[in-house]
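Residues per chain, in single letters:
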Amino acid sequence: MATYKPVTHVIFDMDGLIFDTEKIYTDIHQAICSKYGKIFTWEVKIKCMGKVADEAARTFIREMELPMTVEEYHATFAKICEELFQKTQVLPGVDKLIRHLHASKVPIAIATSSKKETMEMKTTNHKELISLFNHVVCGSTDPEVKHGKPAPDVFLVCSSRFEDKPPPHKVLVFEDAPNGVQAAVAAGMQVVMVPDERLEPEFAQDATQVLKSMEDFQPELFGLPPFPKD
């Protein structure tokens, strides 16, 4: 059995990990592709996942061979996304874990590649849940985050904003995307991956632990307080 090291702080990715936004991203990207008679494929989606906004846009435009600039992409994306992003749902097991860690006084934060404005759209109906986090770092708009995932910047910046500034090995990251797992590993942190079921196993090999659902997470394996017995 794998051995996990005890941690004191927890950082969550947001898209596809806390919220079911990855399906919404797929719908938006397919809507953009449809204007040019193209199909947005899973292979291209994997390459875009977890990247900061401009880098994800460049990857999408290049891979889909679309005749548009990054600025045009963002403008089109913004028009389509506002309504859809207000329909986000919390993924299974996530609400329970966040509330448990908060109640147990474990410091928790969010490190997302999203822009601040997009993040606020996605969390419109989840303000109370987001309020349980110590802080949120939005990689696409935070001036301290110089490089997007798979670089470690967003996790290192997020960790540095905890009041007691834990060393990286004391931080556990939750991620769903390969770029995010690489970023967490590069930051020197353990990472629990909850990948899309379509993801090939080799994309998950660098994760400390891989789960099918957040409902399967056992906090005590990482030295965190166990869930109370029902």
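Refer to the structure printed above.
Here the structure is a predicted model, which means the values were calculated and not measured. (Residues numbered from 1 in each chain as written. Predicted model: local features only at pLDDT ≥ 70, side-chain atom pairs only at ≥ 80, totals over all residues. Heavy atoms only, no water.)

A. Just the packing of helix α3 (residues 53-64) against helix α4 (residues 70-85), in detail. The interhelical angle for the contact between α3 and α4, taken along N-to-C directions, is 100°, at an axis separation of 9 Å. With respect to their mutual orientation, α3 and α4 come out roughly perpendicular. Here Ala 53, Asp 54, Ala 57, Arg 58, Phe 60 and Ile 61 of α3 lie close against α4, whose contacting residues are Val 70, Tyr 73 and His 74. Taken together, the residues that form the contact of α3 with α4 break down as 6 nonpolar, 1 polar and 2 charged. (Axes fitted to C-alpha atoms, helices over the stretch in contact; angles between N-to-C directions. Helix = DSSP H or I, 4+ residues; strand = E, 2+ residues; numbered from the N terminus. Parallel < 35°, antiparallel > 145°, perpendicular 65-115°, else oblique. Contact = heavy atoms within 4.5 Å. Nonpolar A, V, L, I, M, F, W, Y, C, P; charged D, E, K, R; others polar.)

B. Inspection of the packing of aromatic side chains at higher detail. Following the criterion strictly, the structure yields 11 aromatic pairs and no others. Between Tyr 4 and Phe 222 the ring centres are 4.6 Å apart and the planes differ by 25°, which places this aromatic pair in the stacked class. One end of the pair, Tyr 4, is in the segment before β1 (9-12); the other, Phe 222, is in the segment after β6 (209-210), and 218 residues separate them in sequence. As far as burial versus exposure is concerned, Tyr 4 and Phe 222 are alike and both buried. With a centroid separation of 5.5 Å and 55° between ring planes, the pair formed by Phe 60 and Tyr 73 is classed as tilted. In this pair, Phe 60 is assigned in helix α3 and Tyr 73 in helix α4, connecting sequence segments 13 residues apart. (Phe/Tyr/Trp six-rings, centres within 6.5 Å; stacked < 30°, edge-to-face > 60°. Buried < 20%, exposed > 50% of the residue type's maximum accessible area, 1.4 Å probe, protein only.)

C. Structural view of the nonpolar core. Counting 31 residues, the largest nonpolar core has Phe 12 and Phe 174 as the members making the most contacts within it. Counting residues per element, the ones that place at least two in this core are β1, α5 (94-103), β2 (108-112), α7 (127-130) and β4 (171-175). Among the elements that make up this core, the one with the highest residue count is α5 (4 residues). Core analysis: the next-biggest nonpolar cluster, separate from the first, contains 24 residues, Val 137, Val 145, Val 171 and Met 189 among them. (Core = buried A, V, L, I, M, F, W, Y, C linked by side-chain atoms within 4.5 Å.)

D. A look at α3. Given a rise of 1.5 Å per residue, 12 residues ought to cover 16 Å, and the 16 Å separating the end C-alpha atoms of α3 matches this to within 8%. Where α3 is concerned, the buried positions are Ala 53, Ala 56, Ala 57, Thr 59, Phe 60, Ile 61 and Met 64. Where α3 is buried, its residues touch α1 (21-34), α2 (42-48) and α4. Phi turns positive one or two residues past the end of α3, at Glu 65, with a value near 55°. (Expected span 1.5 Å × (residues − 1).)

E. Inspection of the side chain of Ser 159 at higher detail. One can find Ser 159 in helix α8 (residues 153-160). The class for Ser 159 is buried, based on a relative accessible area of 4%. Not counting chain neighbours up to four residues away, the residues in contact with Ser 159 comprise Ile 11, Lys 165, Pro 166, Val 171 and Met 189.

F. The sheet that holds β6, seen in detail. What the 6 strands build is an open sheet, ordered β3-β2-β1-β4-β5-β6; its pairing is parallel. Strands with a single pairing partner mark the edges of an open sheet, and in this sheet they are β3 (135-138) and β6. Across the sheet, α5 is in contact with β1, β2 and β4; its angle to β1 comes to roughly 150°. Across the sheet, α8 touches β1, β2, β3 and β4, and the angle it forms with β2 is around 150°. (Pairing = 2+ DSSP bridges.)

G. How the structure looks around the side chain of Ser 213. Relative to the helices and strands, Ser 213 is located in the segment after β6. In this structure the side chain of Ser 213 is engaged in a polar contact, spanning 3.0 Å, whose partner is the backbone nitrogen of Glu 215. (Polar contact = N/O pair within 3.5 Å; in protein donor to acceptor, adjacent residues only side chain to side chain.)

H. Representation of α5 in the model. Turning to α5, its buried residues are Val 94, Leu 97, Ile 98, His 100 and Leu 101. Taken down its axis, α5 places every buried residue within 165° of arc, on the same side. Relative to its buried face, α5 has exposed residues pointing more than 90 degrees away, namely Lys 96 and Ala 103. Summarising the contacts, the buried residues of α5 are in contact with β1, β2, α7 and β4. (Arc of directions from axis to C-beta.)

I. Examining the pattern of salt bridges more closely. In the structure shown here, the tally under the stated rule is 15 salt bridges. Of the charged contacts, one joins Glu 65 and Lys 38 as a salt bridge, the two residues approaching to 4.0 Å between their closest N and O atoms. Taken together, the positions of Glu 65 in the loop between α3 and α4 and Lys 38 in the loop between α1 and α2 put the pair 27 residues apart, joining distant regions of the chain. Under the relative-accessibility criterion, Glu 65 is labelled exposed at 61%. Accessibility expressed as a relative area gives 25% for Lys 38, which makes it partly exposed. A salt bridge links Glu 128 to Arg 99, with the nearest nitrogen and oxygen atoms 2.6 Å apart. Pair noted here: Glu 128 is in helix α7 and Arg 99 is in helix α5, with a separation of 29 residues, a long-range link. Among the residues examined, Glu 128 registers a relative accessible area of 47% and is labelled partly exposed. The exposure class assigned to Arg 99 is partly exposed, which follows from its relative accessible area of 32%. (Salt bridge = Lys/Arg side-chain N within 4 Å of Asp/Glu carboxyl O.)

Any functional reading would require information that these geometric values do not contain.
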